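# Understanding the architecture of this molecule
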Amino acid sequence: MLALFIVYLLCGIIIIILSIPLLSGKIPPNHWYGLRVRETLNDKIVWYKANKISGRYLLIYGICIILLTNVLTILQVGEFTFLITMSVTIFVGAIVFGVTSNKAAVKLSKEIRLK
């Protein structure tokens, strides 16, 4: 159980660490790191704004993973329950993160084109 706790705790910490450069606007447009969708890759302004938003979502996602890892450990759930709960949380969270970040990029792109 300790190994699962450490793995998921580290997962949350890594996600938080990855969110910090995005939040601070330090990552220039590239094809490796950041929110890489058509809207962000076509416009620098959209890139920076959308990546700040997705960085915020990523930070919240990482915090949620850490909190849930600790709650499940405190509740002393079984290993199987822990593994399934965390796996589903990470899977669903990744989908929600991707969809909400993409929607934000599309919205920003439309707003900038209207100006």
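So, here's what we can say about the structure.

### A closer look at the pattern of salt bridges
Tallied over the full model, the rule gives one salt bridge. Of the charged contacts in the structure, one is a salt bridge between Glu-39 and Arg-38, with a shortest N-O distance of 3.5 Å. Since its relative accessible area comes to 13%, Glu-39 is described here as buried. Arg-38 gets classed as exposed once you look at its relative accessible area, which sits at 61%.

### Examining a nonpolar patch on the surface
Judged by side-chain polarity, Phe-80, Ile-84, Val-88, Phe-91, Val-92, Ile-95, Val-96 and Val-99 come together as a nonpolar surface patch covering roughly 750 Å² of accessible area. In this fold, Ile-84 is placed in helix α4 (residues 79-114). A relative accessible area of 39% means that Ile-84 is categorised as partly exposed.

### Side note on the nonpolar core
Leu-4, Tyr-8, Ile-15, Leu-22, Ile-27, Trp-47, Leu-58, Tyr-61, Ile-65, Leu-72, Phe-82 and Met-86 together form the largest nonpolar core, which totals 12 residues. Secondary-structure elements contributing two or more residues to this core are α1 (2-24), α3 (44-74) and α4. A total of five residues in this core trace back to one element, the largest contributor, which is α3. Those residues in contact with Ile-15 that sit more than four places away from it in its chain are Leu-58, Tyr-61, Gly-62 and Ile-65.

### Some thoughts on the environment of Val-46
With respect to the helices and strands, Val-46 occurs in helix α3. On the basis of relative accessible area, Val-46 is assigned to the buried category, the value being 0%. A sequence separation of 58 residues divides Val-46 from Ala-104, and the C-alpha atoms of the two residues are 9.5 Å apart. Excluding anything up to four places from it in sequence, Val-46 contacts Glu-39, Thr-40, Asn-51, Ala-105, Leu-108, Ser-109 and Ile-112.

### Some thoughts on the packing of α1 against α4
The relative placement of two packed helices is expressed as an angle between their axes plus a distance between the axes. Put simply, α1 and α4 touch, their axes get as near as 11 Å, and they point 15° apart. As far as their axial angle goes, α4 and α1 are roughly parallel. Crossing angle aside, the handedness with which α1 passes α4 is left-handed. For the pair α1 and α4, contact is made by Leu-4, Phe-5, Tyr-8 and Cys-11 and by Glu-79, Phe-82, Leu-83, Met-86, Ser-87 and Ile-90, respectively.

### Notes on the state of the cysteines
Scanning all chains against the criterion turns up zero disulfides. No disulfide involves Cys-11; its sulfur sits 12 Å from the nearest other cysteine sulfur, which is in Cys-64. The class of Cys-11 is partly exposed, set by a relative accessible area of 23%. Taking relative accessible area as the criterion, Cys-64 reaches 40% and is therefore assigned partly exposed.

Conventions and cut-offs
Residues numbered from 1 in each chain as written. Predicted model: local features only at pLDDT ≥ 70, side-chain atom pairs only at ≥ 80, totals over all residues. Heavy atoms only, no water. Salt bridge = Lys/Arg side-chain N within 4 Å of Asp/Glu carboxyl O. Buried < 20%, exposed > 50% of the residue type's maximum accessible area, 1.4 Å probe, protein only. Patch = residues over 30% accessible without salt bridge, like charges linked within 9 Å, V, L, I, M, F, W, Y side chains within 5 Å. Areas by Shrake-Rupley, 256 points an atom, 1.4 Å probe, with all protein chains shown as cover. Helix = DSSP H or I, 4+ residues; strand = E, 2+ residues; numbered from the N terminus. Core = buried A, V, L, I, M, F, W, Y, C linked by side-chain atoms within 4.5 Å. Contact = heavy atoms within 4.5 Å. Axes fitted to C-alpha atoms, helices over the stretch in contact; angles between N-to-C directions. Parallel < 35°, antiparallel > 145°, perpendicular 65-115°, else oblique. Left-handed = near helix turned anticlockwise from the far one by under 90°. Disulfide = S-S within 2.5 Å.

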